[in-house]
Amino acid sequence: MKGLRAPVGNQPSEVYWRRRIVLLVALAVIVALGWLIVSALSSDGAEPAASPTPTTSTSPTSSTSPTPSVSQSSSAASDDVTACVDGAISVSVAPNPASVPADKQPRFDVTIEQDGDVPCVIDATGKNTKLVITSGDDRIWSSNDCPAEQALIGKSWLLDAGDTKDVQVAWPRIRSAEGCAAVDQAPGAGTYWATVTVAGVKADAVPFVLE
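Given the structure is predicted, the values throughout are model-derived calculations rather than measurements.

Enquirer: I'm lost on the state of the cysteines in this one. Help?
Expert: Two cysteines whose sulfur atoms are joined by a covalent bond form what is called a disulfide. Tallying each qualifying case throughout the model produces two disulfides. Residue pairing for C84: its cysteine sulfur links by disulfide to C120, the two sulfurs lying 1.9 Å apart. Negative torsions about the S-S bond denote left-handed disulfides, and the value of about 90° found for C84 with C120 makes this one right-handed. Placement of C84 in the loop between α3 (70-79) and β1 (89-95) and of C120 in strand β4 (residues 120-124) is noted, with a sequence separation of 36 residues between them. Classification of C84 as buried rests on a relative accessible area of 18%.

Enquirer: Even after reading the chapter, I still don't get the packing of aromatic side chains, so can you show me in this structure?
Expert: When we look at a pair of aromatic rings, we describe it by the centre distance and by the angle of the planes. Evaluation of the coordinates by the stated rule reveals four aromatic pairs. Pairing F108 with F208 gives two aromatic rings, centres 5.1 Å apart and planes at 75°, and the pair type is edge-to-face. Taken together, the residues span a long stretch of sequence, with F108 in strand β3 (residues 107-114) and F208 in strand β11 (residues 206-210) at a distance of 100 residues. No difference in accessibility class separates F108 from F208, as the two residues are buried.

Enquirer: Honestly, the pairing of β11 in this entry has me stumped. Any pointers?
Expert: The side chains of a regular strand alternate between the sheet's two faces. Going residue by residue along β11, you find V206, F208 and L210 tucked away on one face and P207 and V209 left uncovered on the opposite face. Relative to β11, strand β2 (residues 99-100) runs parallel, the two being bridged by two bridges. Bridge pairing in β11 places V100 opposite L210. In the sheet, strand β9 (residues 190-198) pairs with β11 via five bridges, with the strands oriented antiparallel. Each bridged residue has a counterpart across the sheet, and for T191 the counterpart in β11 is V209.

Enquirer: Please clarify how unusual backbone geometry should be interpreted in this entry.
Expert: The general pattern is negative phi for most residues beyond glycine and trans for most peptide bonds. In this model, N96 is joined to P97 through a cis peptide bond whose omega is 5°. One non-glycine residue, C180, lies in the positive phi region at around 65°. Mapped onto the elements of the fold, C180 is located in the loop between β8 (164-170) and β9. Positive phi values are uncommon outside glycine, yet A199 reaches one of about 55°. Structurally, the position occupied by A199 is in the loop between β9 and β10 (201-202).

Enquirer: What is the right way to read the environment of D115 from this model?
Expert: Tracing the backbone shows D115 in the loop between β3 and β4. Through-space distance from the C-alpha of D115 to that of A161 is 6.0 Å; in sequence the pair is 46 residues apart. A distance of 2.9 Å separates the side chain of D115 from the side chain of S90, its partner in a polar contact.

Enquirer: Whenever I open this one, the side chain of N144 confuses me. Can you help?
Expert: Within the fold, N144 resides in the loop between β6 (138-142) and α4 (147-150). Classification of N144 by relative accessible area gives buried; the value is 17%. Within the structure, N144 has its side chain in polar contact with the backbone oxygen of K127 (distance 2.7 Å).

Enquirer: Just checking my understanding: could you explain the sheet that holds β3 for this structure?
Expert: The strands that make up a sheet pair up through hydrogen bonds in the backbone, lying either parallel or antiparallel. Judged by pairing direction, the sheet is antiparallel, and its three strands sit side by side in the order β1-β3-β8 without closing on themselves. Taken across any chain shown, the strands that pair with only one partner, and hence form the sheet edges, are β1 and β8. On average, adjacent strands in this sheet sit at an angle of 20° to one another, irrespective of strand direction. Judged from the seven bridges that link them, β3 and β8 form a sheet pairing that is antiparallel. Across the sheet, the residue bridging to T111 is D166, located in β8.

Conventions used here
Residues numbered from 1 in each chain as written. Predicted model: local features only at pLDDT ≥ 70, side-chain atom pairs only at ≥ 80, totals over all residues. Heavy atoms only, no water. Disulfide = S-S within 2.5 Å. Helix = DSSP H or I, 4+ residues; strand = E, 2+ residues; numbered from the N terminus. Buried < 20%, exposed > 50% of the residue type's maximum accessible area, 1.4 Å probe, protein only. Phe/Tyr/Trp six-rings, centres within 6.5 Å; stacked < 30°, edge-to-face > 60°. Pairing = 2+ DSSP bridges. Polar contact = N/O pair within 3.5 Å; in protein donor to acceptor, adjacent residues only side chain to side chain. Axes fitted to C-alpha atoms, helices over the stretch in contact; angles between N-to-C directions.

Next up, the structure:
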């Protein structure tokens, strides 16, 4: 024990203490290296934990039909739009101008208003759409007298509830007869009346003047 506390030898005691410190450090390094080697070998030999295998759930196939899409429903709804019935539209007419020069054709502004609650189609292509010109009891002209004039407006429109459609029609300032018979007498100056019917709906007759 005395040799451990006070080294015995020919060398100074400082030399022996340095040797002991170096030896202790070397032993500590050897122990640390041994611990690292053992830890590395242990980690290399461990098996990785197995990841859980995902399970696949299978739903039974439904036997019901697929729900119709919005576009299919919209198409079906558009097919349900029908012609405007009595009371669904109103028609008004105004001469433009009210006094017509001798070299001009009388023209009339027609306003069609949709008074129904749902969209409907106004068909103005048949004989139930016409312009009739009268003077007192004298029937002067009708757009239905000749095939060339029967397509007075000749169109159809889909109108929503509350919508209006404005069109203009003209009288060629001549007389006509049923069956498109020839008429030589030309209408003279004076006051005339115009009656417009659209899709069977008649507007109130309006007066105008031929100069």
